[in-house]
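A closer look at the structure
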Amino acid sequence: LVFDISGFVGVALESPISRTSPKTYDWLPTLPGRVMASTDENVVAGLVIFLFLMAVVVGPILCCLNWLFFWGSCVLRGDSPFGHGIAEDAPTLPLQPWPRAVRWAGGLSPWLFSWFGLDALWAAAWSATLEMDLVAQWLVRAKTGNLCDDIQDHLGKPCVRLEGSLLTGGGVLLFGG
């Protein structure tokens, strides 16, 4: 996710005295640190980071491990949990009841897959790239009042403008969802 800050603030950020780049790149591993550093509400930020990591990292890993365990046990048994053989020439063994762990894995599979939610994450990232400029405009106007209007009238540049774009990871995320 890339945000390009332009306007008067972008010009100020491009100046040699600024230590901040007008273009910010947000990657999954850097988000928790950036969120914690940008707020005084560390408890709330910590909870948001925890929920974010659960949805984006833990959920997909658990879902894939669950599928691997469930379908791997089906292949090893030569039977499906639904009582049908995998192949017609599969050996006919006296089938034991399915182990409790496999039955639990089968029952958890839809819940873990819904937790996966990559398509919803992509939609949220995409809408963030579209709407972040409106949020920035609202915050700047709330803090500066009519000062931004005066700057735009005299300099011909907006006070601040954010343009977001999804990079290659956005396409991978959409394909994965």
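This structure is a prediction, so every number in the text was calculated from the model and none was measured.

About the criteria used
Residues numbered from 1 in each chain as written. Predicted model: local features only at pLDDT ≥ 70, side-chain atom pairs only at ≥ 80, totals over all residues. Heavy atoms only, no water. Patch = residues over 30% accessible without salt bridge, like charges linked within 9 Å, V, L, I, M, F, W, Y side chains within 5 Å. Areas by Shrake-Rupley, 256 points an atom, 1.4 Å probe, with all protein chains shown as cover. Salt bridge = Lys/Arg side-chain N within 4 Å of Asp/Glu carboxyl O. Helix = DSSP H or I, 4+ residues; strand = E, 2+ residues; numbered from the N terminus. Buried < 20%, exposed > 50% of the residue type's maximum accessible area, 1.4 Å probe, protein only. Phe/Tyr/Trp six-rings, centres within 6.5 Å; stacked < 30°, edge-to-face > 60°. Pairing = 2+ DSSP bridges. Axes fitted to C-alpha atoms, helices over the stretch in contact; angles between N-to-C directions. Core = buried A, V, L, I, M, F, W, Y, C linked by side-chain atoms within 4.5 Å. Contact = heavy atoms within 4.5 Å. Expected span 1.5 Å × (residues − 1). Bend = angle between axes of the 7 residues up to and from the residue. Polar contact = N/O pair within 3.5 Å; in protein donor to acceptor, adjacent residues only side chain to side chain. pLDDT = per-residue confidence, 0-100.

Time to look at a nonpolar patch on the surface. On the surface, Leu28, Leu53, Val57, Ile61, Leu65 and Leu68 cluster together into a nonpolar patch covering about 500 Å² of accessible area. One can find leucine 53 in helix α3 (residues 42–77). A relative accessible area of 31% places leucine 53 in the partly exposed class.

Here we take up the packing of aromatic side chains. All told, the structure shown has one aromatic pair when counted by the stated rule. Between the aromatic rings of phenylalanine 70 and tryptophan 71, the centroid separation amounts to 4.8 Å while the plane-to-plane angle is 80°, which identifies the pairing as edge-to-face. Here tryptophan 71 falls in the partly exposed class, since its relative accessible area comes to 45%.

This brings us to the sheet that holds strand β1 (residues 2–6). Sheet strands line up and pair through hydrogen bonds in the backbone, either parallel or antiparallel. The three strands are arranged β2-β1-β3 in an open sheet whose pairing can be described as antiparallel. Two strands in the sheet have a free side with no partner beyond their single neighbour: β2 (23–25) and β3 (161–165). Adjacent strand axes in the sheet meet at a mean angle of 20° when their direction is disregarded. Pairing analysis gives three bridges linking β1 to β2, with the strands arranged antiparallel. The partner of aspartate 4 across the bridge, within β2, is lysine 23.

Let's shift gears to the nonpolar core. In terms of nonpolar packing, the biggest core is built from six residues, these being Phe3, Ile5, Leu13, Ala136, Val160 and Leu162. Discounting chain neighbours no more than four positions away, the residues touching leucine 162 are Phe3, Asp4, Ile5, Met132, Asp133 and Ala136. Of all hydrophobic cores here, the second largest spans five residues; its members include Phe70, Cys74, Trp98 and Val102.

At 3.6 residues per turn, the α-helix brings residues three or four places apart onto the same side. With 36 residues, α3 should reach 52 Å at 1.5 Å per residue; the first-to-last C-alpha distance of 50 Å fits that figure. Helix geometry: α3 is bent most strongly at methionine 54, by close to 40°. Listed as buried for α3 are Ala45, Ile49, Val56, Gly59, Pro60, Cys63, Asn66, Phe70, Ser73 and Cys74. Glycine 78 sits one or two residues past α3 and shows a positive phi near 75°.

Bringing the pairing of β1 into the picture now. Where β1 meets β3, five bridges bridge the pair, whose relative direction is antiparallel. Among the inter-strand pairings, isoleucine 5 is bridged to a residue of β3, identified as leucine 162.

To continue, consider the environment of proline 158. With respect to the helices and strands, the residue proline 158 is situated in the loop between α6 (147–155) and β3. Look at proline 158 and you get partly exposed, because its relative accessible area is 28%.

Take the side chain of asparagine 66 next. When you line up the elements, asparagine 66 lands in helix α3. Judged by its relative accessible area of 9%, asparagine 66 falls in the buried class.

Our focus in this paragraph is the side chain of serine 109. Secondary-structure assignment places serine 109 in helix α4 (residues 100–116). In this structure serine 109 comes out as buried when scored by relative accessible area, which is 17%. A distance of 2.8 Å separates the side chain of serine 109 from the side chain of tryptophan 67, its partner in a polar contact.

Moving on: the confidence of the model for the chain. Here the chain shows a mean pLDDT of 76. Residues at 70 or above account for 83%. Looking at the elements of the chain, mean pLDDT is at its lowest for helix α7 (residues 168–176), recorded as 68, and at its highest for α3, recorded as 83.

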